[in-house]
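Given next are the chains, with one letter for each unit.
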Amino acid sequence: MATRLDRTLVVDTALRLLNEVGLDGLTLRRIAKELNVQAPALYWHFKNKQELLDEMATEIFRRMAAEFAGGPLGGHDATWQRMLTVSCHTLRRTLLGYRDGGKVFSGTRMTDDSYAAPMDALLRQLTDAGFTLRDAAHAWWAAYNFTIGLVIEEQSVFPDPGPPEDRAPESRDPAYDIGDRERRLAGRYPLAAAVGREFFDDFDRAFESGLRIVVAGIEATVPRQDAG
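What counts, and where the lines are drawn
Residues numbered from 1 in each chain as written. Predicted model: local features only at pLDDT ≥ 70, side-chain atom pairs only at ≥ 80, totals over all residues. Heavy atoms only, no water. UniProt positions renumbered as here; feature names shortened; annotations may be inferred. Helix = DSSP H or I, 4+ residues; strand = E, 2+ residues; numbered from the N terminus. Buried < 20%, exposed > 50% of the residue type's maximum accessible area, 1.4 Å probe, protein only. Contact = heavy atoms within 4.5 Å. Salt bridge = Lys/Arg side-chain N within 4 Å of Asp/Glu carboxyl O.

- Per an unreviewed UniProt entry, the recorded name for the chain is TetR/AcrR family transcriptional regulator C-terminal domain-containing protein, and the organism is Streptomyces ochraceiscleroticus.

## What about the UniProt feature "domain: HTH tetR-type" (unreviewed entry) in the chain?
Okay, so step 1: Mapped onto the present numbering, the UniProt feature "domain: HTH tetR-type" (unreviewed entry) falls at residues 4-64.
Okay, so step 2: Helix makes up 77% of residues 4-64 and strand 0%, whereas the separation of the span's terminal C-alpha atoms amounts to 26 Å.

## Thoughts on the UniProt feature "DNA-binding region" (unreviewed entry) in the chain
Okay, so step 1: Here the UniProt feature "DNA-binding region" (unreviewed entry) sits at residues 27-46.
Okay, so step 2: End-to-end, the C-alpha atoms of residues 27-46 are 12 Å apart, and along that stretch the chain is 60% helix and 0% strand.

## With respect to the side chain of R172
Okay, so step 1: Within the fold, R172 resides in the loop between α8 (133-157) and α9 (178-185).
Okay, so step 2: Given the relative accessible area of 19%, R172 is considered buried.
Okay, so step 3: When neighbours within four sequence positions are excluded, R172 is seen to be in contact with V157, F158, I178, F200 and D201.

## Observations regarding the pattern of salt bridges
Opposite charge on two side chains permits pairing when their charged atoms draw close.
Okay, so step 1: In total, this model carries 18 salt bridges according to the counting rule given.
Okay, so step 2: One salt bridge in this structure joins R167 and E154, with 2.8 Å as the shortest N-O distance. Separated by 13 residues along the polypeptide, R167 in the loop between α8 and α9 and E154 in helix α8 bring together distant segments of the chain.
Okay, so step 3: Overall, R167 belongs to the partly exposed group, its relative accessible area being 21%.
Okay, so step 4: Exposure remark for E154: the relative accessible area of 0% places this residue in the buried category.
Okay, so step 5: R172 is the salt-bridge partner of D201, the closest N and O atoms lying 3.1 Å from each other. Here R172 lies in the loop between α8 and α9 and D201 lies in the loop between α11 (196-200) and α12 (203-221), a separation of 29 residues in the sequence.
Okay, so step 6: For D201, a relative accessible area of 34% translates into the label partly exposed.

What follows is the structure in structure tokens.
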């Protein structure tokens with residue numbers, strides 16, 4: 001009996017293929033071939049690739065949001081700093097599970113309201129901590145965009161999907177040869193040469209350091225009134 005073609009099946013197949021071929025290699029024609037249907041059959045569900053990417057990003061978010069369903073982010077007694085940190089760690093780890101996950105997620109539009117409950121809960125934690133709604137929105141937006149941007153850079157260097165602790169050194173894109181970069185730049189631009197290892201080597205450290213800077217910046221610049 002043939003499997004019924006629907007949006008869920010198309011998206012699940014697209015996410016699986018994404019990990020094999022990346023965003024550039026993911027086409028509606030390729031997905032149709034994987035599903036053993038003609039490409040026009042997919043247009044009943046998605047008018048173009050962008051519509052499909054929007055639904056893929058929404059499904060990634062749904063899967064990530066399941067981790068937030070257990071209660072307040074970071075625990076019931078978590079500070080707003082820990083809440084932001086836990087949120088960004090979860091976002092980064094989720095996106096690294098998909099090849100080009102950062103690119104798929106950025107610039108796409110959610111196709112349903114599944115984002116609303118987690119966002120409302122996150123903003124509630126911030127406003128309960130004394131943020132105005134505007135400052136809470138800007139604080140999250142800063143931390144969120146830092147995380148997305150770092151993931152996009154990280155996946156350009158290490159394109160294979162999966163958690164950082166499982167990353168093999170040989171999985172680095174050969175275009176990011178740090179030794180070659182240092183040799184080319186060291187004579188005239190020694191600082192630019194040396195900083196390559198900070199940019200392209202240890203992304204765990206770069207993420208932790210950058211996130212601390214973002215949180216410290218929020219602490220220093222956002223006026224708040226203590227809750228209660």
